[in-house]
Amino acid sequence: MAKQYDVLFRLLLIGDSGVGKTCLLCRFTDKEFHSSHISTIGVDFKMKTIEVDGIKVRIQIWDTAGQERYQTITKQYYRRAQGIFLRSYQHIMKWVSDVDEYAPEGVQKILIGNKADEEQKRQVGREQGQQLAKEYGMDFYETSACTNLNIKESFTRLTELVLQAHRKELEGLRTRASNELALAELEEEEGKPEGPANSSKSCWC
Ligand SMILES: Nc1nc2c(ncn2[C@@H]2O[C@H](COP(=O)(O)OP(=O)(O)OP(=O)(O)O)[C@@H](O)[C@H]2O)c(=O)[nH]1
């Protein structure tokens, strides 16, 4: 059966525990928001296909546990990512240095300030977030998984950046008769549900 997409990417969500990584993913893939915090154990993923510049992009989005004790496991997933969402202001240096150490060269990154709906609890101003992102050479989005602010926009932007970074291969894609290019080696099993047992909190380590 012909594939339903042209290109396949792996994106990764990283950041401190409780900042809303799982909620961002659920909002984007399932249009859902969960008010409870059940910490991710190890890693989990979900898939979604979007169209950017006429290219059907299948994205496999890995959600990592923010808790320190899982970091030996989660770091193993960096090396196969083409794009990374960083959600952390407080420990940004640590997360950026992990990305530099474990992710492939040329990986695309954007900084996310989530929970933008919680104005009262805000600790970092929008301008400060923007400044921080600029210092580290990243695009910046304030998001809310709760109100659906900038969710599609931020995922689409990171996908665009990855597409731009792989422009050469994409030129090949446009001219190739097979019309199929997997930039990530995805072991997508036939008939498997999207994500592990449709659970947002199971271990895939
Ligand atoms: N108000 C508000 N709450 C949010 C938002 N995103 C997430 N939350 C809440 O923040 C808590 C933590 O969200 P999670 O998505 O589980 O956090 P996480 O970063 O995946 O946490 P770990 O799995 O421990 O790394 C939950 O109670 C969510 O409901 C948001 O945009 N706005």
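Just so it is clear, the structure is predicted and the values come from calculations on it, not from any experiment. (Residues numbered from 1 in each chain as written. Predicted model: local features only at pLDDT ≥ 70, side-chain atom pairs only at ≥ 80, totals over all residues. Heavy atoms only, no water.)

(A) Geometry of the site of the ligand. Contacts to the ligand come from 25 residues, most closely from S17, K21, H34, T40 and G66. Backbone polar atom of G66 to an oxygen atom of the ligand: 2.7 Å apart, as the coordinates give it. Between A145 and the ligand, the recorded distance is 2.8 Å, taken from a backbone N or O atom to an oxygen atom. Coverage of the ligand by the protein amounts to 93% of the 660 Å² it exposes when considered alone. Within the shell around the ligand, the residues separate by chemical class into six nonpolar, 13 polar and six charged. (Near = heavy atom within 4 Å. Polar contact = N/O pair within 3.5 Å; in protein donor to acceptor, adjacent residues only side chain to side chain. Areas by Shrake-Rupley, 256 points an atom, 1.4 Å probe, with all protein chains shown as cover. Nonpolar A, V, L, I, M, F, W, Y, C, P; charged D, E, K, R; others polar.)

(B) Looking closely at the packing of helix α1 (residues 21-30) against helix α5 (residues 151-165). Packing of α1 against α5 leaves a shortest axis separation of 10 Å and a crossing angle of 90°. With respect to α5, the axis of α1 lies roughly perpendicular. Each of L24, L25, R27 and F28 in α1 lies in contact with α5, whose residues at this interface are I151, K152 and F155. Of the residues in the contact of α1 with α5, the class split is five nonpolar, no polar and two charged. (Axes fitted to C-alpha atoms, helices over the stretch in contact; angles between N-to-C directions. Helix = DSSP H or I, 4+ residues; strand = E, 2+ residues; numbered from the N terminus. Parallel < 35°, antiparallel > 145°, perpendicular 65-115°, else oblique. Contact = heavy atoms within 4.5 Å.)

(C) Structural view of the confidence of the model for the protein chain. Per-residue confidence for the protein chain averages 85 on the pLDDT scale, and 82% of its residues sit at or above 70. Predicted confidence for residues 177-181 stays below pLDDT 50, and this span has eleven contacts to residues more than four positions away or in other chains. Throughout residues 185-205 the model reports pLDDT below 50, and contacts reaching past four residues in sequence, or to other chains, amount to 42 contacts. Interface confidence in the predicted complex, given as ipTM, is 0.99; pTM for the same model is 0.86. (pLDDT = per-residue confidence, 0-100.)

(D) A look at the pattern of salt bridges. With the rule as written, the count across this model stands at nine salt bridges. Note that K121 and E118 form a salt bridge whose closest N and O atoms lie 3.5 Å from each other. Put simply, E119 and R122 hold a salt bridge, and the shortest N to O gap is 3.2 Å. On the basis of relative accessibility, which here comes to 44%, the residue E119 falls in the partly exposed class. Judged by relative accessible area, R122 falls into the partly exposed class, the value being 27%. Through salt bridges with shared partners, one network takes in E119, R122, R126 and E142. (Salt bridge = Lys/Arg side-chain N within 4 Å of Asp/Glu carboxyl O. Buried < 20%, exposed > 50% of the residue type's maximum accessible area, 1.4 Å probe, protein only.)

(E) Broad picture of α1. With nine of ten residues buried, α1 is to be regarded as a mostly interior element. Considered for burial, the residues of α1 that qualify are K21, T22, C23, L24, L25, C26, R27, F28 and T29. Each element contacted by the buried residues of α1 is listed here: β1 (7-15), β2 (43-52), β3 (55-64), β5 (108-113) and α5. K31, located one to two residues past α1, shows a positive phi value of around 55°.

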